[in-house]
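# Summary of structural features
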Amino acid sequence: MDRVLIRGGRVLDPAGERDEIADVLLEGGRIAAVGPHLEAVGAAVVEAAGRWVAPGFVDLHAHLREPGQEYKEDIASGGRAAVAGGFTAVACMANTQPANDDPSVTDYVLDRARQDSPARVYPIAAATKGLAGEVMTEMAALVRAGAVGFSDDGKTIMDGGVMRRVLEYSRLVDAPVIVHAEDRTLVRDGVVNEGPVSTRLGLPGNPAVAEAVHVARDLLLAELTGAHLHVAHVSTAAAVELIRRARERGIHVTAEVTPHHLTLTDEETLGYDTNTKVAPPLRSAADMQACRRALADGTLDAVATDHAPHAVHEKEVEFTAAPPGLIGLETALAVVLDLVRAGEIAPLELVRRLSSNPARILRRPGGSLAPGTVADLVLVDPELRWTYEPTKGWSKSRNSPWAGRTLQGRAVATWVEGRLVYDVERGVLAP
Amino acid sequence: MMGRDLLGIEDLERADIERILETAERMQEVGLRDVKKVPTLRGRTIVNLFFESSTRTRTSFEIAGKRLSADVVNFSPSSSSLKKEESILDTARVLDAMAPDAVVVRHAVAGVPKRIADVLGAPVINAGDGAHEHPTQALLDLLTVLQEKGRIDGLTVAIVGDILHSRVARSNIYAFTKLGAEVRVAAPPTMIPAAVETLGVKAFASLREALDGADVVMMLRIQRERLAGAYVPSIREYSATFGLDRTKLRYAKDDAIVMHPGPVNRGVEIAHDLADGRPSVILDQVRNGVALRMAVLYLLAGRRSPAQEG
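Rules and cut-offs
- Residues numbered from 1 in each chain as written.
- Chains lettered and ligands numbered in written order.
- Predicted model: local features only at pLDDT ≥ 70, side-chain atom pairs only at ≥ 80, totals over all residues.
- Heavy atoms only, no water.
- Pairing = 2+ DSSP bridges.
- Helix = DSSP H or I, 4+ residues; strand = E, 2+ residues; numbered from the N terminus.
- Salt bridge = Lys/Arg side-chain N within 4 Å of Asp/Glu carboxyl O.
- Buried < 20%, exposed > 50% of the residue type's maximum accessible area, 1.4 Å probe, protein only.
- Axes fitted to C-alpha atoms, helices over the stretch in contact; angles between N-to-C directions.
- Parallel < 35°, antiparallel > 145°, perpendicular 65-115°, else oblique.
- Left-handed = near helix turned anticlockwise from the far one by under 90°.
- Contact = heavy atoms within 4.5 Å.
- Nonpolar A, V, L, I, M, F, W, Y, C, P; charged D, E, K, R; others polar.
- Buried area = accessible area lost by both parts, 1.4 Å probe.
- Polar contact = N/O pair within 3.5 Å; in protein donor to acceptor, adjacent residues only side chain to side chain.
- Phe/Tyr/Trp six-rings, centres within 6.5 Å; stacked < 30°, edge-to-face > 60°.
- Core = buried A, V, L, I, M, F, W, Y, C linked by side-chain atoms within 4.5 Å.

### Considerations on the sheet that holds strand S14 (residues 253-257) of chain A
All names here are of chain A.
- Strand order in the open sheet formed by eight strands is S6-S7-S8-S9-S10-S13-S14-S15, and the pairing between neighbours is parallel. Because the sheet does not close on itself, it has two edges, and the strands there are strand S6 (57-62) and strand S15 (302-303).
- Where strand S13 (residues 229-231) and S14 come together, three bridges link them in parallel fashion. Within the sheet, the bridge partner assigned to Val231 lies in S14 and is Ala255.

### Looking at the pattern of salt bridges
All names here are of chain A.
- In the structure shown here, the tally under the stated rule is 46 salt bridges over all chains.
- A salt bridge links Glu20 to Arg18; the shortest N-O distance between them is 2.5 Å.
- Judged by relative accessible area, Glu20 falls into the partly exposed class, the value being 36%.
- Of the charged contacts in the structure, one is a salt bridge between Glu66 and Arg112, with a shortest N-O distance of 2.6 Å. Separated by 46 residues along the polypeptide, Glu66 in the loop between S6 and helix H1 (75-84) and Arg112 in helix H2 (residues 103-116) bring together distant segments of the chain. Just as Glu66 is buried, Arg112 falls in that class too.
- What you see here is one network of salt bridges that share partners, running through Glu17, Glu349, Arg352 and Arg353.

### Looking at the packing of helix H7 (residues 209-225) of chain A against helix H8 (residues 237-248) of chain A
All names here are of chain A.
- Contact geometry for H7 and H8: axes closest at 8 Å, N-to-C directions at 15°. Between H7 and H8, the interaxial angle falls into the category roughly parallel. The handedness of the crossing between H7 and H8 is right-handed. Of the residues in H8, those in contact with Glu211, Ala212, Val215, Ala216 and Leu219 of H7 are Ala238, Ala239, Leu242, Ile243 and Ala246.
- Partitioned by chemical class, the residues of the contact of H7 with H8 number nine nonpolar, no polar and one charged.

### Digging into the interface of chain B and chain A
- The interface of chain B with chain A comprises 26 residues on the first partner and 19 residues on the second.
- Of the roughly 1,700 Å² buried between chain B and chain A on both sides combined, carbon and sulfur atoms contribute 57%.
- When the buried surface of chain B facing chain A is broken down by residue, Val109, Arg115 and Ala194 of chain B rank first, second and third, together holding 27% of it.
- Remark: the boundary between chain B and chain A carries two salt bridges.
- With a shortest N-O distance of 2.7 Å, Arg93 of chain B and Glu316 of chain A are connected by a salt bridge.
- Summed over the shared surface of chain B and chain A, the result is eight residue pairs in polar contact (both at pLDDT 80 or more).
- Considering every element that reaches the side of chain B that touches chain A, the biggest residue donor is helix H3 (residues 88-97) of chain B, with four residues.

### Here's the deal with the packing of aromatic side chains
Residues and elements named next belong to chain A.
- The tally for this structure, following the rule as stated, stands at three aromatic pairs over all chains.
- Centre to centre, the rings of Phe57 and Phe87 are 5.7 Å apart; their planes meet at 70°, and the pair counts as edge-to-face. Here Phe57, found in strand S6, pairs with Phe87, found in strand S7 (residues 87-92); they are 30 residues apart in sequence, far enough to count as distant.
- Judged by its relative accessible area of 1%, Phe57 is buried.

### Remarks on unusual backbone geometry
- The linkage connecting Gly262 of chain B with the following residue, Pro263 of chain B, adopts the cis geometry, with an omega of -10°.
- Cis rather than trans, the peptide bond between Arg278 of chain B and Pro279 of chain B has omega equal to 0°.
- The backbone phi angle of Glu17 of chain A is positive, close to 50°, even though this residue is not glycine.
- Of note, Glu17 of chain A is situated in the loop between strand S1 (3-13) and strand S2 (18-27).
- Classification of Glu17 of chain A as exposed rests on a relative accessible area of 53%.
- In this structure, Glu417 of chain A takes a positive phi of about 50° despite not being glycine.
- Tracing the sequence through the fold places Glu417 of chain A in the loop between strand S17 (406-416) and strand S18 (419-423).

### Quick look at the nonpolar core
- Counting 91 residues, the largest nonpolar core has Leu139, Leu142, Ile159 and Phe176 of chain B as the members making the most contacts within it.
- In terms of residue count, the dominant contributor to this core is helix H10 (residues 282-301) of chain B (eleven residues).
- With near-sequence residues (within four places) excluded, Phe176 of chain B lies in contact with Asp141, Leu142, Val145, Ile152, Val157, Ala181, Val183 and Met218 of chain B.
- Of all hydrophobic cores here, the second largest spans 76 residues; its members include Val90, Ala239, Leu337 and Val340 of chain A.

### Digging into the sheet that holds strand S1 (residues 45-50) of chain B
Residue and element names in this part refer to chain B.
- The strand order across the open sheet built from four strands is S2-S1-S3-S4, with neighbouring strands paired in parallel fashion. The outermost strands of the open sheet, each flanked by one partner alone, are strand S2 (71-75) and strand S4 (124-129). Recorded for the sheet is a direction-independent mean angle of 15° between the axes of neighbouring strands.
- Where H3 meets the sheet, its contacts fall on S1, S2 and strand S3 (102-107), and the angle it forms with S1 comes to roughly 165°.

This is how it looks when you write it as structure tokens:
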């Protein structure tokens, strides 16, 4: 089935600034044509009336746990969860076991992805060896092996001198340095946003200022070095404001926000559900609103899931002992469509933040439906109501605050290089 | 209306609290008898599930259960999930399979009683969870003040000490404000929780201002490891500014009473001579603790399940 005609959908192409009803013809793994009433003799036809046709989503931030913690997730299961959520490419974090701080690990991840993942996998390498925050990794060799960026993620580099050198050196390879911005000396034992909720729960608070202080430091270091700083999972109004002002001053900074920080607040934690424990923590309603506005106005460039699988038994412990993180690849689209339904962002702009913007940040193709480009795309039913049951999902883990909730909007088909890899009726089809 | 469990005072209505206090007053009479035992909970099993050691609270619950003729079993798993293989919820599932009639839970981390209640068929009574709540302590404090002052409505209560880390403070804030008292908290600013005013109290950095006109002065136990420099510079500085002695007590009303949940750090948060006898009511609190816990066990473990009703 080499030729596919996707007929009569709402075509959302951020690269081409297109938002109109049209047909899309796929041929030979590429987009052959986009336009009204295309003729395609012999093509398989997908009726798309009432649905959106968009470039495949690109997730800047996921934990696929392979190598080392395959009981939580692996590249095969994470890749399946990705395409089931409309993502055709996933950037995976370096905190595996061993950490992705060496080209041999990058090779292994890419090799596993080629064999078993229906989605493209973009490895993010560690910024320092062993994620220890001391000695920088061999960035040139890692990029040659296929790394798309550098991050110690949750093991935030607290030594300002090391971070300065990492940023400086990253200019050699033209890849972003991605920061989980939390000053650990301010977070200390904090596990829930500091404020009325932490006070009621009696759990140690993690103050919003811990994020802002670290963002401020790294923005100044990015200005000093001229490097590309990418701020992961922004969660506070204060950090948004710092990023906005830095961008106005010409600092090369990009930023992402998660579906959970866009739609949930710290009040979700009032029942002590460890599936609401995440780093940075769910914040106040005012912080959430600031993040929503910043995504709409472009201060925050991308939606990223921070998909972080953990086994059930690891979450069935004291709130303070539970590992932070939640899974998000299969729910991200439905969750962020809330912003479209609330009239806060146009569909084309949301698609831009899910596809072309993250692709641009990683210097990878994507986010375009122009004829000739690789046919990575997704068909979305923005109205479809469905109940999310993690046990029936594609991830190996279940740690989701949306478990059992009815969500609206879903990827109903996903193509990677012109090949149908997911269909909502039949499930994941390949490899 | 009171639910199946007693996890915190925050969940209770005023009427629930009054019902518990009235029941406790009736239970006090049992403690005065020659034979201190009634058959009310005969054949019922109460498990004291204490992940954190607390001889006082556990003994108080044990005596309360035995005076009601329940079979009381003490179960003390070794500390936290971090140190052992079994998760907290697995421990709860194992316990549930033994079909207890009530489980009293104590844990060093906030929220554990709630998580256990979510998987357990039997009622759960929170005997203190981290810095969250210690509801039976607050109820016995209400009972003590009620007996001393004849009312709660309109009283001024000053709670002094490490409010940030105190479950006793949180439960008492809810308990006294729900019954119409004005509650103040006083501590060094490092020991006041974020947005504490959202609990309906006013925070003071001056002991003198906090005590001005107070009917009840409640001193909290200070954990010595928190006096090592992270929250306050030294024990000496803490005692000088927030420790209570007879001189500072004069800021309060002439007939003010002094309370403390125990165990007392004599000479740190409270002067030696002030801990014994009037105006201190510390031993009355302990005495009332047994009757109050009898009332709670009676109201929760004494309910017949639909299966038993047949």
